[in-house]
Amino acid sequence: MMDINEIKEYLPQRYPFLLVDRVLELTLGESIVALKNVTGNENHFNGHFPELPIMPGVLIIEAMAQAAGILGFKTLDKKPSEGSIYMFAGVDKARFKRQVIPGDQLILKAQYVSDKKGLWKFECQAYVEDKLAASATILCIDRQRP
């Protein structure tokens, strides 16, 4: 549904922090399914851990938040180029169930839960081969760039 070029219109992150490669499904105001290809040449694998490369949990959470950010931006019909930026406001109930390693395809899912005064809440999951790798409740807030 969205390739990397369109994703870059909705996320301000760039390499090495752009963690969504493709959007597979998107229902405005409801949910998103996105894809992150995990490759061995990513910088974090040099130190986490060189002999047993594992994607850091914080980056899995970031990837889920980026998918949620795309859902939020698309739902609001806003783009970072228009002065809007979607920022983390909180992470609750983060759980890690399986390691994510080079060669995996991380399927990122986010479901809209609520928004109150610009604070958006999403239930997010990351899967590898239909197995839950991580989950979290993510809070994001839409702000204007200074």
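Please refer to the structure placed before this passage.
Residues numbered from 1 in each chain as written. Predicted model: local features only at pLDDT ≥ 70, side-chain atom pairs only at ≥ 80, totals over all residues. Heavy atoms only, no water.

S.K.: Mind laying out unusual backbone geometry, listing which residues take part and the relevant values?
M.R.: Most peptide bonds adopt trans geometry, and most residues besides glycine take a negative phi value. Residue Pro16 is reached from Tyr15 by a cis peptide bond, and omega for that bond is 5°. Relative to the assigned elements, Pro16 resides in the loop between helix H1 (4–10) and strand S1 (22–27). A cis amide bond, omega -15°, links His48 with the succeeding residue Phe49. Looking at the element boundaries, Phe49 is found in the loop between strand S2 (31–37) and helix H2 (57–76). Even without glycine at this site, Asp77 takes up a positive phi of about 55°. Relative to the helices and strands, Asp77 is located in the loop between H2 and strand S3 (84–96). Asp77 sits in the exposed class, given a relative accessible area of 62%. Its identity as a non-glycine residue notwithstanding, Asp130 has a phi of 65°, on the positive side. Assessed through its relative accessible area of 76%, Asp130 is described here as exposed. (Helix = DSSP H or I, 4+ residues; strand = E, 2+ residues; numbered from the N terminus. Buried < 20%, exposed > 50% of the residue type's maximum accessible area, 1.4 Å probe, protein only.)

S.K.: Run through the pairing of strand S6 (residues 131–144), naming residues and quoting values.
M.R.: Most of S6 sits out of view: 10 of its 14 residues are buried. For S3 and S6, the ladder comprises 10 bridges, and the chain directions are antiparallel. Within the sheet, the bridge partner assigned to Val91 lies in S6 and is Ile138. With 10 bridges joining them, strand S5 (residues 119–128) and S6 adopt antiparallel strand pairing. The residue bridging Leu119 from the neighbouring strand is Ile141, located in S6. Hairpin remark: S5 followed by S6, antiparallel, with 2 residues in the connecting loop; positive phi at Glu129, about 50°. (Pairing = 2+ DSSP bridges.)

S.K.: Please set out the packing of aromatic side chains residue by residue, giving values where relevant.
M.R.: The full count for this structure, using the stated rule, is 4 aromatic pairs. For the ring pair Tyr86 and Trp120, a centre distance of 6.2 Å and an interplane angle of 65° mean the geometry is edge-to-face. Taken together, the positions of Tyr86 in strand S3 and Trp120 in strand S5 put the pair 34 residues apart, joining distant regions of the chain. For Tyr86, a relative accessible area of 10% puts it in the buried group. A relative accessible area of 5% means that Trp120 is categorised as buried. In this structure an aromatic cluster arises from ring pairing among Phe73, Tyr86, Tyr112, Trp120 and Phe122. Sitting above the plane of the Tyr127 ring, Lys109 keeps its charged end 4.9 Å from the centroid. (Phe/Tyr/Trp six-rings, centres within 6.5 Å; stacked < 30°, edge-to-face > 60°. Lys NZ or Arg CZ within 6 Å of the ring centre and 35° of its normal.)

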